[in-house]
Amino acid sequence: MTSVGDELRLAADFPAASYDDWRKLVDGVLKGAPFEKLVGKSYDGLRIEPIYPRTRDAAPIAGRSAAAPWQIMQRIDHPDAAKANAQALQDLENGATG
């Protein structure tokens, strides 16, 4: 049986991907369609790029250890406690982990 840490070491076997690598793959999938097709807009008109480059001084955000599994969180905000509990139980039965 492998641990989560063992599985993450596999990533070291692959070369780091760059923006240019990603862009070549995207252009191939777009098959001549304009890249602008992937750019979105927020409700207030701000441009939302399909991918953003990492800044040079980026640092990991503390919150979970690198080898910890992801959590699938579900928001519960029903004002009735019994209904909120029922919703939480249903979400947990359907895959939520927190």
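See the structure printed just above.
Residues numbered from 1 in each chain as written. Predicted model: local features only at pLDDT ≥ 70, side-chain atom pairs only at ≥ 80, totals over all residues. Heavy atoms only, no water.

A. Region of the structure containing the packing of aromatic side chains. For the coordinates displayed, the defined rule picks out 2 aromatic pairs. Ring centres 5.7 Å apart and planes at 40° place the aromatic pair Tyr-19 and Trp-22 in the tilted group. One end of the pair is Tyr-19 and the other is Trp-22, both in helix H2 (residues 19–30) and 3 residues apart, which spans about a single turn. A relative accessible area of 36% places Tyr-19 in the partly exposed class. (Phe/Tyr/Trp six-rings, centres within 6.5 Å; stacked < 30°, edge-to-face > 60°. Helix = DSSP H or I, 4+ residues; strand = E, 2+ residues; numbered from the N terminus. Buried < 20%, exposed > 50% of the residue type's maximum accessible area, 1.4 Å probe, protein only.)

B. Spatial organisation of the pattern of salt bridges. Per the stated rule, a full pass over the model turns up 4 salt bridges. Two residues, Asp-27 and Arg-23, come together in a salt bridge whose shortest N-O distance is 3.1 Å. You can see Asp-27 and its partner Arg-23 sitting in helix H2, 4 residues apart, about one turn around the helix. The exposure class of Asp-27 is partly exposed, given its relative accessible area of 37%. A salt bridge links Arg-75 to Asp-77; the shortest N-O distance between them is 3.3 Å. In this structure, Arg-75 and Asp-77 share a single accessibility class: exposed. It is possible to trace a salt-bridge network through shared partners that takes in Glu-36, Arg-47 and Glu-49. (Salt bridge = Lys/Arg side-chain N within 4 Å of Asp/Glu carboxyl O.)

C. Region of the structure containing H2. Taking 1.5 Å per residue as the helical rise, H2 with its 12 residues ought to reach 16 Å, and the 16 Å between its terminal C-alpha atoms agrees with that figure. One or two steps after H2, the chain reaches Lys-31, where phi turns positive at roughly 50°. (Expected span 1.5 Å × (residues − 1).)

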